[in-house]
Amino acid sequence: TLDLKSLRFMVYVEGPTPLPAQLQRLGSIVRGHEVTAAIVASSVAVRFAVSAFALVTRNIRYFVPDQLPEALAYLRCSAVAGRLVQDALHRLRGAG
């Protein structure tokens with residue numbers, strides 16, 4: 001089985017807010033588990049949603065896009081993993 005205590009993930013949101021279905025899915029993943037999550041977004045609405053999730057799990061933090069290095073450090077990403085994440089974000093932005 002998967003040890004969710006070791007699970008670390010980032011949600012990067014471009015645009016005003018995630019869709020309600022996306023928020024529900026995130027909630028179903030973190031509810032009752034001590035996962036570590038970094039939510040990167042510029043939206044005040046997302047910041048509010050992260051505050052609500054923080055009531056369920058204490059290991060969730062909000063970062064603005066300029067704080068991506070801090071978000072990666074919060075997730076304890078190695079330099080190599082951090083570069084892979086940044087490369088993936090760059091490719092995803094190019095696909096949109």
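What you see is a predicted model, and the numbers here were worked out from it, not measured in a lab. (Residues numbered from 1 in each chain as written. Predicted model: local features only at pLDDT ≥ 70, side-chain atom pairs only at ≥ 80, totals over all residues. Heavy atoms only, no water.)

This part is about the overall build of the protein chain. When helices and strands are tallied, the protein chain shows four helices and three strands. Reading the secondary structure of the protein chain in the N-to-C direction produces β-α-β-α-β-α-α. Within the protein chain, the proportion of its 96 residues that are buried is 31%. When contacts within the protein chain are restricted to residue pairs at least 6 apart in sequence, those whose partners lie at least 24 apart make up 62%. Per element, the accessible surface of the protein chain, about 6,500 Å² overall, is 58% carbon and sulfur. (Helix = DSSP H or I, 4+ residues; strand = E, 2+ residues; numbered from the N terminus. Buried < 20%, exposed > 50% of the residue type's maximum accessible area, 1.4 Å probe, protein only. Contact = heavy atoms within 4.5 Å. Areas by Shrake-Rupley, 256 points an atom, 1.4 Å probe, with all protein chains shown as cover.)

Applying the stated criterion across every chain yields a total of one salt bridge. The salt bridge partner of Arg 93 is Glu 14, with a shortest N-O separation of 2.8 Å. With a gap of 79 residues between them, Arg 93 in helix α4 (residues 79-95) and Glu 14 in the loop between β1 (8-13) and α1 (20-30) connect regions that are remote in the sequence. Residue Arg 93 is classed as partly exposed on the basis of its relative accessible area of 38%. (Salt bridge = Lys/Arg side-chain N within 4 Å of Asp/Glu carboxyl O.)

Another point: the sheet that holds β1. Within a sheet, each strand pairs with its neighbour through backbone hydrogen bonds, oriented either parallel or antiparallel. Taking strand neighbours across the sheet as the criterion, the three strands line up as β1-β2-β3 in an open arrangement whose pairing is parallel. The open sheet has two edge strands, β1 and β3 (60-63), and neither has a second partner. Each strand of the sheet is rotated relative to its neighbour by a mean of 15 degrees, with strand direction disregarded. As paired strands, strand β2 (residues 36-41) and β3 are joined by four bridges and run parallel to one another. (Pairing = 2+ DSSP bridges. Axes fitted to C-alpha atoms, helices over the stretch in contact; angles between N-to-C directions.)

Turning to unusual backbone geometry, a few remarks are in order. Positive phi is not limited to glycine here, since Arg 76 has a value of about 60 degrees. When you line up the elements, Arg 76 lands in the loop between α3 (68-74) and α4.

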